[in-house]
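# Reading the structure
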Amino acid sequence: MTPLLQVENIAKFYGARVGCTDVSFDLFPGEVMGIVGESGSGKSTLLNCLAGHLTPDAGAVRFDTRTEGLRDTVTMNEPERRMLGRTDWAFVHQHARDGLRMNVSAGGNVGERLMAVGARHYGQIRDAATDWLGRVEIAADRIDDRPTAFSGGMQQRLQIARNLVTGPRLVFMDEPTGGLDVSVQARLLDLLRGLVREMGLSAIIVTHDLAVVRLLADRLMVMKDGHVVETGLTDQVLDDPQHAYTQLLVSSVLQV
Amino acid sequence: MIQVENLSKSFTLHNQGGTVIPVMEGAAFEVAPGECVGLTGASGAGKSTLMRMLYGNYLAASGHIRIGGVDVATAEPREILALRRGTLGYVSQFLRVVPRVSTLDVVAEPLLRTGHARDAAEARARDLLARLNIPERLWGLSPTTFSGGEQQRVNIARGFAYDYPALLLDEPTASLDIANREVVLSLIEEAKARGAAIVGIFHDEAARDRVCDRVIDAAAFTPKVSA
Amino acid sequence: MSEYNFAYLDEQTKRMIRRAILKGLAIPGYQVPFASREMPMPYGWGTGGVQVSAAVLTPDDTFKVIDQGADDTTNAVSIRRFFEKTAGVAVTEATAQASVIQTRHRIPEEVLREGQILVYQVPIPEPLRFLEPSEVETRKMHSLEEYGLMHVKLYEDISQHGAIATAYAYPVKVEGRYVMDPSPIPKFDNPKLEMAAIQLFGAGREQRIYAVPPYSKVVSLDFEDFPFEASKADHACDLCGAEDSYLDELIVDDDGGRLFMCSDTDYCQGRRKAGHLGAKGTPVGEDAA
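Note that the structure is a prediction, hence the values are computed from the model and not measured.

Turning our attention to the overall build of chain A. When helices and strands are tallied, chain A shows 10 helices and 10 strands. Across its three principal axes, chain A shows a C-alpha extent of roughly 55 × 45 × 35 Å. Residues classed as buried in chain A amount to 56% of the 256 residues present. Considering only residue pairs separated by 6 or more positions, chain A has 66% of its internal contacts joining residues 24 or more positions apart.

What follows is the structure, encoded as structure tokens:
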């Protein structure tokens, strides 16, 4: 089986400081990988290198493109990479306002990716937007409201709909539940879990919340100071952590 | 079906002065299809640790755990996930609750994700829930709010929904009433009859005697502490 | 005339602007940055158009200025006088006689011919601006032809108004490549963007020049199920009776009495001189004014 994403020795430095280094892994179709670590561990830097938002200083990020198989997205030209960014890739930001157009209606936000790849039939675009709002549990009568009128949880669900409408194969998520109330988080996680299963999505989720990865991720990568210190099956890493840092991380979670 | 060879395990507590606690050494046994093996031994002998290692939840320090052609001790995460999906079932003592998903879907899920049609999967789920005496009015609700006993029965129904060739059972009859205990024991007998290889922990001696073909004392694998 | 250099700007500045114009003509619809100069009039009064006109005018040209189609409004009159004074060129109100026409928000009704130049005053040259505030990002979108966002604007129109409500500055795609803001002309004028004359667009405050060469393909963006329509008031001109020209609506009394008249004053005048008469029109020469 060809991996969907093949990451080889990715490194990113900020001057003398290490952003992340020596990161390699394969992500297979349908797999969900969590990247955990504390603030400054390099997990967001890594995610941005993978998603093409940052150019890594070394290494390759090969993506299994539909037409040409594995291609290094680091050396790929910008138009091609941006095309991936609005077709096969999706990026869910921690703050919905970074991933949404706040002055455009919910329907327009969802429809944008469709129009970006050439949809030119208003009725069909609107139907697709209505369908996706339903799938992320936003009432159809909110389709013409702007995201500014939405709660934080709704904005985040709208961002997800906007990203998934073109049927991407790989979703990058940066702290998708950060900043949300716990009850809102649970609903969002459950929704994401359902969508990931239903669409057979592959995903890379960066978070510092171990409960999020327990629920969503098949496998886990633990980062500290820019390095990967442990990888493995999610429940194995959380229940039988091998590295000192992972043990500390797991034992630091407050039990309810 | 299940082959364990020279398996060992220790825990290193990095944050407590690097203390190393050896918990298992030289474990070796086999379970054939249609066979049920009970793990015995005093509390702390390592029964649960062994079960968790078989399921890939705990990492083996050395040795092999071959289940259905996969060595769990060295397999990639996705190989273990595939094994858990289609070959190796685990009925733990606690239901890991998924918010908002109905009981019927919780039970049908192992069938759905192995490609069974929704109709057939739900029919099987209904049948199991009925046999385990979960009132039908609860089927549409999330088991989150159920009593401990109800949750355990939902968990058992889920564990037996798909016909796994290998099955791990952790105290499946604990705290069940006589009628439900009987249902669970007959489910185990049916699984054996269709050829499942089963490893179980049963504190209920009568249950163990009824379903297990033989027992293995986990204490035999406990490292001999010299000090 | 006098101490002014021909057409006010110094020769180096005009050469710089001409280079931008040539580049614009070579890449139809592409916004060429240029070093816009301070002009002796406020931004918003056509400083971009004036600089383009200054760069293309020659002593032999005949110059016409219209503002919303009219030759006789303050803005049109002052720009016309400005070039009369600084360039000494001939001026006219007749579309057919002009070689350079500077316009604010209209395309003349009379079909323009080869050899004529139409100079537009542009307030905001970037059609993507209202949805994407970042100039860096909009430039990238142009260079990579990522124009989905333009349709988002039209989508928003339909979802809010049931139809594409954008009535002016209606976005177009030039020669199948660049999406362009045709300046705030009514969308009634959009089909006329495919013409024999040279069209130059100048935005003074935003420091951009762009161009549409003669006979370029100019397509108004739309949806398959909401096609572009060049709309106008469903009425004939009350003065000249024209049914094919863009109309201004005038409220003429306190009882809501209305008058529709051609926004293109030269066109209306010409028709009336030729004997056409609208419902409320009077023959030429009998006007009160």
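Once that is clear, we can look at the interface of chain C and chain A. The partner chain A presents 22 residues to the 22 residues of chain C that form the contact. Buried surface at the junction of chain C and chain A, both sides included, amounts to about 1,900 Å², of which 55% is carbon and sulfur. Salt-bridge contacts for Glu 146 of chain C lead to Arg 86 of chain A; the nearest nitrogen and oxygen are separated by 2.7 Å. Secondary-structure elements contributing two or more residues to the side of chain C that touches chain A are helix H4 (135-143) and helix H5 (148-161) of chain C. Looking at the side of chain C that touches chain A element by element, the count peaks at nine residues for H5 of chain C. Here the residues of the side of chain C that touches chain A are counted per class, giving 10 nonpolar, four polar and eight charged.

Looking now at the pairing of strand E8 (residues 202-207) of chain A. Side-chain positions along a regular strand alternate between the two faces of the sheet. All names here are of chain A. Along E8, six of the six residues are buried, which leaves the element largely enclosed by surrounding structure. Note: strand E7 (residues 170-174) against E8, five bridges, orientation parallel. Paired with Phe 172 across the strands is Ile 204, a residue of E8. Since E7 and E8 lie parallel, the crossover through helix H7 (residues 182-199) that links them has a hand, and here it is right-handed.

To continue, consider the confidence of the model for chain C. A residue-level look at chain C finds 98% of positions with pLDDT of 70 or above and a mean pLDDT of 93. The ipTM value of the predicted complex is 0.89, and its pTM value is 0.87.

Let us look at the packing of aromatic side chains. For the coordinates displayed, the defined rule picks out 19 aromatic pairs over all chains. The interplanar angle of 45° and the centroid separation of 5.9 Å between the aromatic rings of Tyr 4 of chain C and Tyr 8 of chain C together place this pair among those described as tilted. Its relative accessible area of 33% is what places Tyr 4 of chain C among the partly exposed residues. Tyr 8 of chain C sits in the partly exposed class, given a relative accessible area of 26%. Centre to centre, the rings of Tyr 120 of chain C and Phe 201 of chain C are 4.1 Å apart; their planes meet at 10°, and the pair counts as stacked. Taken together, the residues Tyr 120 of chain C in strand E5 (residues 117-121) and Phe 201 of chain C in strand E8 (residues 198-203) connect sequence positions 81 residues apart. We classify Tyr 120 of chain C as buried; its relative accessible area is 0%. The rings of Tyr 4, Tyr 8, Phe 63, Phe 82 and Phe 83 of chain C are connected pair by pair, giving a single aromatic cluster. One cation-aromatic arrangement involves Arg 78 of chain B over Phe 28 of chain A; the distance from NZ or CZ to the ring centre is 3.5 Å.

Residues and elements named next belong to chain C. Note on placement: Gln 31 falls in the loop between helix H1 (11-26) and strand E1 (32-33). Look at Gln 31 and you get buried, because its relative accessible area is 12%. Side chain to side chain, Gln 31 and Glu 126 meet in a polar contact 3.2 Å long. Discounting residues that sit within four places of it in the chain, Gln 31 has contacts with Pro 125, Glu 126, Pro 127, His 142, Arg 208, Ile 209 and Tyr 210.

Applying the stated criterion across every chain yields a total of zero disulfides over all chains. Here Cys 212 of chain B stays free of any disulfide, with the sulfur of Cys 36 of chain B as its closest cysteine sulfur at 3.8 Å. Relative accessible area serves as the criterion here: at 12%, Cys 212 of chain B is assigned to the buried category. No disulfide involves Cys 237 of chain C; its sulfur sits 3.6 Å from the nearest other cysteine sulfur, which is in Cys 262 of chain C. Cys 237 of chain C sits in the buried class, given a relative accessible area of 1%.

In this structure, Val 110, Trp 132, Val 136, Leu 158, Ile 160 and Val 171 of chain A together with Phe 223 of chain C are the most contacted members of the largest nonpolar core, which totals 66 residues. Per-domain counts for this core show at least three residues from each of domain 1 (1-88 + 169-256) and domain 2 (96-167) of chain A. With near-sequence residues (within four places) excluded, Val 171 of chain A lies in contact with Ala 90, Val 92, Leu 164, Leu 201, Ser 202, Ala 203 and Ile 204 of chain A. Counting 39 residues, the second largest nonpolar core, distinct from the first, contains Ala 157, Phe 160, Ala 196 and Val 211 of chain B.

As a further point, take the layout of surface pockets. If you add up the space inside the second largest pocket, you get close to 990 Å³. Lining of the second largest pocket is provided by 31 residues; of these, His 53, Arg 82, Gly 85 and Arg 162 of chain A together with Glu 137 of chain C occupy positions nearest its centre. Breaking the lining of the second largest pocket down by element, the ones donating at least two residues are helix H2 (78-86), strand E6 (89-92), helix H3 (96-99), helix H4 (106-116) and helix H6 (152-164) of chain A together with H4 and H5 of chain C. With five residues, the single largest contributor to the lining of the second largest pocket is H2 of chain A. Partitioning the lining of the second largest pocket into residue classes produces 10 nonpolar, eight polar and 13 charged.

A few words now on the sheet that holds strand E4 (residues 58-65) of chain A. Across a sheet, paired strands are connected by hydrogen bonds in the backbone, their directions being either parallel or antiparallel. All names here are of chain A. The strand order across the open sheet built from four strands is E2-E1-E4-E5, with neighbouring strands paired in antiparallel fashion. Lying at the two open borders of the sheet, with one neighbouring strand each, are strand E2 (17-27) and strand E5 (69-72). Averaged over all pairs of adjacent strands, the angle between their axes in this sheet comes to 20°, without regard to strand direction. Lying over the sheet, helix H1 (residues 43-50) contacts strand E1 (5-14), E2 and E4, oriented at roughly 125° with respect to E1.

Turning to the environment of Gly 44 of chain B, a few remarks are in order. Residues and elements named next belong to chain B. When you line up the elements, Gly 44 lands in the loop between strand E3 (36-40) and helix H1 (47-54). The exposure class of Gly 44 is exposed, given its relative accessible area of 76%. Sequence separation between Gly 44 and Thr 222 is 178 residues; the distance between their C-alpha atoms is 9.4 Å.

A few words on the pattern of salt bridges. In this structure the tally under the stated criterion is 51 salt bridges over all chains. Note that Glu 93 of chain C and Arg 80 of chain C form a salt bridge whose closest N and O atoms lie 3.9 Å from each other. With a gap of 13 residues between them, Glu 93 of chain C in the loop between strand E3 (90-91) and strand E4 (100-104) and Arg 80 of chain C in helix H3 (residues 74-86) connect regions that are remote in the sequence. Of the residues examined, Glu 93 of chain C reaches a relative accessible area of 41% and is grouped as partly exposed. Relative accessible area serves as the criterion here: at 11%, Arg 80 of chain C is assigned to the buried category. In this structure, the salt-bridge partner of Glu 249 of chain C is Arg 258 of chain C, at a minimum N-O distance of 3.1 Å. Taken together, the shared-partner salt bridges connect Arg 82 and Arg 86 of chain A together with Glu 137 and Glu 146 of chain C into one network.

Before going further, it helps to examine the domain arrangement of chain A. Residues and elements named next belong to chain A. According to the domain assignment, chain A contains domain 1 (1-88 + 169-256) and domain 2 (96-167). Here the C-alpha centroids of domain 1 and domain 2 sit 25 Å apart. In this assembly, 17 residues from domain 1 lie in contact with 15 residues from domain 2. When the area that domain 1 buries against domain 2 is broken down by residue, the three leading residues are Arg 86, Arg 187 and Leu 191, summing to 36%. Across the domain 1-domain 2 interface, the total number found is one salt bridge. For the pair domain 1 and domain 2, the number of links is five residue pairs in polar contact (both at pLDDT 80 or more). Secondary structure elements with two or more residues in the side of domain 1 that touches domain 2: H2 and H7. At eight residues, H7 tops the list of elements feeding residues into the side of domain 1 that touches domain 2. Looking at the side of domain 1 that touches domain 2, its residues break down into 10 nonpolar, two polar and five charged.

The rules behind the values
Residues numbered from 1 in each chain as written. Chains lettered and ligands numbered in written order. Predicted model: local features only at pLDDT ≥ 70, side-chain atom pairs only at ≥ 80, totals over all residues. Heavy atoms only, no water. Helix = DSSP H or I, 4+ residues; strand = E, 2+ residues; numbered from the N terminus. Buried < 20%, exposed > 50% of the residue type's maximum accessible area, 1.4 Å probe, protein only. Contact = heavy atoms within 4.5 Å. Buried area = accessible area lost by both parts, 1.4 Å probe. Salt bridge = Lys/Arg side-chain N within 4 Å of Asp/Glu carboxyl O. Nonpolar A, V, L, I, M, F, W, Y, C, P; charged D, E, K, R; others polar. Pairing = 2+ DSSP bridges. Right-handed = clockwise from strand over helix to strand, strands pointing away. pLDDT = per-residue confidence, 0-100. Phe/Tyr/Trp six-rings, centres within 6.5 Å; stacked < 30°, edge-to-face > 60°. Lys NZ or Arg CZ within 6 Å of the ring centre and 35° of its normal. Polar contact = N/O pair within 3.5 Å; in protein donor to acceptor, adjacent residues only side chain to side chain. Disulfide = S-S within 2.5 Å. Core = buried A, V, L, I, M, F, W, Y, C linked by side-chain atoms within 4.5 Å. Domains from an automatic or database assignment. 1 Å grid on protein atoms, 1.4 Å probe; cavity = no way out; pocket = protein on both sides within 12 Å on 5 of 7 lines; lining within 4 Å. Points joined across faces, edges and corners; volume = space filled by probe spheres on them. Axes fitted to C-alpha atoms, helices over the stretch in contact; angles between N-to-C directions.

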